[in-house]
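Observations on the model geometry
Given next are the chains, with one letter for each unit.
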Amino acid sequence: MPYISTRGKTQQTSLFETLLTGLAPDGGLYLPAKLPYFSPKHLTAFSRQSYEEIAYAVLNPFFTDLVGTTTSATPITQTLPLRNILKKSYQSFRAPNRLPIEKLKITSSHEIFLAELFHGPTYAFKDFALQFLAPITEFVLNQANKTCIVLGATSGDTGSAAITAFKDIANGTIVILHPHSRISPIQRRQMTTTGSAKVINLAVKGTFDDCQRLVKNCLNDTTLNKKLRHNLIAVNSINWVRILAQSVYYFYIYSRITGRPDSTPNTSSTGNTLSHLKNASTPKDVHHLPKVNFVVPTGNFGDVFAGYLALKMGVPINKLIVATNANNVLHRFFQKNTYTPAAITQTHSPSMDIATASNFERYLYYVLDEDAAQVRAAFKRLAETRTLSLTPAYFTKAKEHFTSTTTSNDQTLKTIVDIYHKNHYLLDPHTAVGVHSAHQYLTQPTEEKPSPATPTASHAKSHCPTIVLATAHPAKFRTIIETAATQQSTAYLNKADTTKTGTAKINADALDLASKSSPSTLAALTNDPKLKALASLNDLKEEFKIIDKNEDTLKRILLNI
């Protein structure tokens, strides 16, 4: 399958080459020239298959012709052992079914599904992609007889997931940049306590966008890449395989939410069976499968673009709801047709504190009719004016499957306590943004126009199951959960219109929540003994270097590897 650049000035290449590079030489991002399509019959069959089986079906079309191009010194001569790699990738996940799904009540009349993507080794959704990307990369490097520097920027979770996945590959060193003092202590310690000489952690005096800019500039610096002794490989979601691997769980979640009556019901982490699966019926006409909504907490647009990719490959998605925090450049685009990066605000959901969403370019490529010249023109305008807008026709197209919300710090904290009060379920702050966004979407009046397939937009809201992607385990954000419990307890006590009994109940729940927010007590709450490993991070020595946001500083470090 050939690969192209979103900006159209790079020759078609192979997956082999895209894996050994980062950005395309013209500054664009790689995409396959075409996408496979999975029919309703495929989707129906997925309800009877495991996560690994679905992953194989979705990913295999992209890897069947994984061969080196004529520019490769050593083309691939072995067949990629995809089934074995998938089995190895997910064997470290704590949940037997990889991805438990919970049902939560958010109002007296609205329920949502919560897809727990945090059961991998670093307790975050990034494990689904990076545990797969590492052995794929190692295979390609071995075939080409090459070594690499895996380079990435992190706003919190990508770094630890990448380090855990790549630290043991024989032919690579991993370098991760994070914004100094802008991620949670546990996120930082997961990266900086490995004790491995093959892991280099750099704390940048700046924001995630500064880290991302440094990484992109190095990846796109041809002079630097010629001087390096190793291939420079991207580990962020600008890496196509990252996005591809994340698209799999949209297929899996859809298959479980709309599963056949003869499928094996999914079981949540608390042992509760999703009873709706037992009563689900297979549509008489398989060409009219039920649709779902996905709510995706996002800052870099990678996770939600993976959902859009799944939609283009056949998953019947009604809406992808982009859930943003105060750093809401994506929300402003989908509401006002203005993509204008602004200064970053530090929030309670630090992994989403991003001003420039890298994968937005891939999405625009499809919105702009796969016209690379229009993509180049759009990003030229963005570089010159700091603003990007679409024509009315293209903006209407952009909103066809997307909408967006924004959530404040106070709303994040209140959602954590409210959901604990209603469901005795603990959210991390990023998932809380998603849950609050689901509440906004389901309860606010809609301005969406009905489609021929859906009589009214409000009908679609009430009849499409709404799934929130739970992106991280709450134990990674102990301080924020304690803040939520303390502040919201005080806020409820100070509300004049709250009954005395109601106040006492919510206050008690908030205090109970605070008492359970340490990793050790969270382990007891979730019946997860492996969670205690997070608490032990405090006893390990940290190793990282604080650097300025000067590009030359990073280049000197890379040249010395």
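It should be noted that the structure appears before, not after, this text.
Residues numbered from 1 in each chain as written. Predicted model: local features only at pLDDT ≥ 70, side-chain atom pairs only at ≥ 80, totals over all residues. Heavy atoms only, no water.

1. Regarding the environment of Val215
Within the secondary structure layout, Val215 lies in helix α8 (residues 208–219). Spatially, the C-alpha atom of Val215 lies 9.6 Å from that of Gly22, the residues being 193 residues apart in sequence. Those residues in contact with Val215 that sit more than four places away from it in its chain are Leu151, Gly152, Ala153, Leu177, Asn236 and Leu554. (Helix = DSSP H or I, 4+ residues; strand = E, 2+ residues; numbered from the N terminus. Contact = heavy atoms within 4.5 Å.)

2. Points about the side chain of Lys126
Position of Lys126 among the secondary structure elements: in helix α5 (residues 126–144). Buried charge without a partner: Lys126 forms no salt bridge, and the closest opposite charge is Asp157, 5.8 Å away. (Buried < 20%, exposed > 50% of the residue type's maximum accessible area, 1.4 Å probe, protein only. Lys, Arg positive; Asp, Glu negative; His and termini not counted. Salt bridge = Lys/Arg side-chain N within 4 Å of Asp/Glu carboxyl O.)

3. Regarding the sheet that holds strand β4 (residues 111–116)
Reading across from one edge, β3-β4-β12-β9-β10-β11 is the order of the six strands in this open sheet, with mixed pairing throughout. Of all strands in the sheet, those with a lone pairing partner are β3 (101–105) and β11 (402–406), marking the two edges. On average, each strand axis in the sheet is inclined to that of its neighbour by 25°, with strand direction left out of account. When β3 meets β4, the two strands line up antiparallel, connected through five bridges. Residue pairing in the sheet places Lys105 in a bridge with Glu111 of β4. Seen against the sheet, helix α13 (residues 329–336) touches β10 (317–324) and β11 and runs at an angle of roughly 130° to β11. With respect to the sheet, helix α17 (residues 409–423) is in contact with β3 and β11, its orientation differing from that of β3 by roughly 95°. (Pairing = 2+ DSSP bridges. Axes fitted to C-alpha atoms, helices over the stretch in contact; angles between N-to-C directions.)

4. Here we look at helix α6 (residues 157–166)
The buried count for α6 comes to nine of 10 residues, which makes it a mostly enclosed element. Taken together, the buried positions of α6 are Asp157, Thr158, Gly159, Ser160, Ala161, Ala162, Ile163, Ala165 and Phe166. Against α5, β5 (148–153), β6 (172–179), α7 (185–192), β7 (199–204) and α10 (240–257) lie the buried residues of α6.

5. A look at the nonpolar core
Burial of nonpolar side chains together is a common tendency in soluble globular proteins. Membership of the largest hydrophobic core comes to 114 residues, with the highest contact counts inside it found for Phe63, Phe132 and Phe301. Per-element tally for this core: the top contributor is α10, with 13 residues. Excluding anything up to four places from it in sequence, Phe132 contacts Leu59, Phe63, Leu82, Ile85, Leu86, Ser89, Tyr90, Val241 and Ala245. Ranked by size, the runner-up nonpolar core spans 30 residues in total, among them Leu104, Ala323, Val417 and Leu427. (Core = buried A, V, L, I, M, F, W, Y, C linked by side-chain atoms within 4.5 Å.)

6. A short note on the sheet that holds strand β8 (residues 231–234)
Pairing between sheet strands relies on hydrogen bonds along the backbone, with the strands arranged either parallel or antiparallel. The strand order β8-β5-β6-β7-β13 describes an open sheet built from five strands, whose pairing is parallel. Looking along the sheet, the strands with just one partner apiece sit at the ends: β8 and β13 (545–547). On average, each strand axis in the sheet is tilted by 25° relative to the strand beside it, whichever way the strands run. Pairing geometry for β5 and β8, over four bridges, is parallel. Opposite Val150, over in β8, you have Ile233 as the bridge partner. Lying over the sheet, α8 contacts β5, β6, β7 and β8, oriented at roughly 150° with respect to β5.

7. A short note on the packing of aromatic side chains
Taken as a whole, this structure holds 33 aromatic pairs when the rule is applied. Taken together, a centroid distance of 5.9 Å and an interplanar angle of 45° make the contact between Tyr90 and Phe128 tilted. With Tyr90 in helix α4 (residues 82–90) and Phe128 in helix α5, the pair connects residues that are 38 residues apart, well separated along the chain. Pair check on accessibility: Tyr90 and Phe128 agree, each one buried. Look at Tyr308 and Tyr363: their rings are 5.0 Å apart centre to centre, the planes differ by 90°, and that puts the pair in the edge-to-face class. Within this pair, whereas Tyr308 is found in helix α12 (residues 302–312), its partner Tyr363 is found in helix α14 (residues 360–367), the two being separated by 55 residues in sequence. Take Tyr308 and Tyr363: they sit in the same class, and that class is buried. These aromatic residues form a ring-pair network of at least three members: Phe301, Phe305, Tyr308, Phe333, Phe334, Tyr339, Phe360, Tyr363, Tyr365, Tyr366, Phe395 and Phe402. The ring of Tyr366 is capped by Lys312, whose NZ or CZ atom sits 4.5 Å from the centre of that ring. (Phe/Tyr/Trp six-rings, centres within 6.5 Å; stacked < 30°, edge-to-face > 60°. Lys NZ or Arg CZ within 6 Å of the ring centre and 35° of its normal.)

8. As for empty space enclosed by the protein
Think of a ball as big as a water molecule: rolled over the atoms, this probe shows where empty space is left. In total, this model carries five cavities of 30 Å³ or more according to the counting rule given. Approximately 290 Å³ is the volume found for the largest cavity. Residue lining of the largest cavity: 26 residues in total, with Phe125, Lys126, Gly299, Asn300 and Ser351 positioned closest to the centre. Going through the elements one at a time, α6, α10 and α12 are the ones with two or more residues in the lining of the largest cavity. Take the lining of the largest cavity: its biggest share by element is three residues, from α10. (1 Å grid on protein atoms, 1.4 Å probe; cavity = no way out; pocket = protein on both sides within 12 Å on 5 of 7 lines; lining within 4 Å. Points joined across faces, edges and corners; volume = space filled by probe spheres on them.)

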